[in-house]
Every structure is written in C-alpha cells, then in structure tokens.
Amino acid sequence: HVQLVESGGGSVQSGGSLRLSCAASGYTYRRVCMGWFRQDPGKEREGVAAMQTTANSTYYADSVKGRFTISQDAAKNTLYLQMNSLKPDDTAMYYCAADWCSAPWFKGPLESSGYHYWGQGTQVTVS
C-alpha cells in the first residue's frame, strides 16, 4: 500500500525557515497528486499547498502564497514544502497526502476529502 513519511518539522522563531519532506512509496510515481495540510487543535484542517507531480502544477492557500513553495524530486519520490518567513499562525501539525488525481481533485486540490493516503504528520512550531 501507499506509505507517506513526513520529516523536517521542528521549532523555529518568527521569520525563520523550515523545509518539510514527504517520502512516498508503494506505488509508481507517475500520476500522483499530492498535498500538504496542517491542523491546530480545535481548528479545521487546512490545505496548504498541492501539486500534480507529472504536470508540476502547483496550488497554494492564500495564507501561505508567496512564503511557501511546494516542489518535488521525482527521482527520489519525494515531495517538499519550503516554508519561509514563518509566522506563529503557521504553527500546526503538517501532513502529507496523496491521491490518484481524480477529476474532483482538480476542482479542489486543497480539500482534504479528495485524498486517500496520509502520513503521520510532523510538528511545526513557530514562536
């Protein structure tokens, strides 16, 4: 089955940077749509960024656009989220997710309901 493993989380001061990684396995890395989500206790899960790996198209939430960059290394089956100019509001558990690029995904790539597979998450704390 598909397995996603996040890494790179940690604690950083406001204005700092972190780079999250998501290592994917269990499927052929060809037509896969992936995304980054985050959630704080008591809050709704928020889609942060997403991309279609084959087309290399990207999507961002308004709250992170201009600060975060989603990218991939296809040869390594790894997804990245470069986070710059971090703010306390960015504090959350960050999750990597993947699906098979169904038609609804393209209409809502930052909607969590469109993803079949999820990682365990990595904590990001900004103070």
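Our subject is the structure listed above.
As a starting point, this report considers the structure included with it.

What counts and how
Along each chain, residue indices are assigned from 1 in the same order as the chain's sequence is written. Selection of residues for local features in this predicted model requires a pLDDT of at least 70, selection of side-chain atom pairs for listing and counting requires 80 or more, and totals for whole chains, interfaces and linings are taken over all residues. The basis for every side-chain value is the complete set of non-hydrogen atoms in the structure, without hydrogens or water. The term salt bridge refers to a pairing of a side-chain nitrogen on Lys or Arg with a carboxyl oxygen on Asp or Glu at a separation within 4 Å. Under the pairing criterion, centres of Phe, Tyr and Trp rings, with the six-membered ring standing for Trp, must be within 6.5 Å; the plane angle then separates stacked pairs below 30 degrees from edge-to-face pairs above 60, leaving the rest tilted. Strands here mean DSSP runs of E at least two residues long; helices mean DSSP runs of H or I at least four residues long; both are numbered from the N terminus. When accessible area is computed with a 1.4 Å probe and restricted to protein chains, residues below 20% of their type maximum are described as buried, those above 50% as exposed, and intermediate ones as partly exposed. We count a charge as sitting over a ring when the NZ of a lysine or the CZ of an arginine lies within 6 Å of the ring centre and within 35 degrees of the ring normal.

**Focus: the pattern of salt bridges**
Turning to step 1, where the next piece is worked out: If you walk through the whole model with that rule in mind, you get 4 salt bridges.
Turning to step 2, where the next piece is worked out: With its nearest N and O atoms 2.9 Å apart, the salt bridge here joins Glu46 to Arg38.
Turning to step 3, where the next piece is worked out: The network of salt bridges with shared partners includes Arg38, Glu46, Arg67 and Asp90.

**Here's the deal with the packing of aromatic side chains**
Turning to step 1, where the next piece is worked out: Taken as a whole, this structure holds 6 aromatic pairs when the rule is applied.
Turning to step 2, where the next piece is worked out: Ring plane angle 85° and centroid distance 5.6 Å describe the contact between Tyr59 and Trp105, whose orientation is recorded as edge-to-face. With Tyr59 in strand β6 (residues 57–60) and Trp105 in helix α1 (residues 103–107), this residue pair connects regions lying 46 residues apart in the sequence.
Turning to step 3, where the next piece is worked out: Its relative accessible area of 1% is what places Trp105 among the buried residues.
Turning to step 4, where the next piece is worked out: Here the aromatic rings of Trp105 and Phe106 are separated by 5.0 Å at their centres, their planes lie at 85°, and the arrangement is edge-to-face.
Turning to step 5, where the next piece is worked out: Relative accessible area serves as the criterion here: at 36%, Phe106 is assigned to the partly exposed category.
Turning to step 6, where the next piece is worked out: Connected via pairs of aromatic rings, a cluster forms that spans Phe37, Tyr115 and Trp118.
Turning to step 7, where the next piece is worked out: For Arg19, the ring lying beneath its charged end belongs to Tyr80, and the centroid distance is 4.0 Å.

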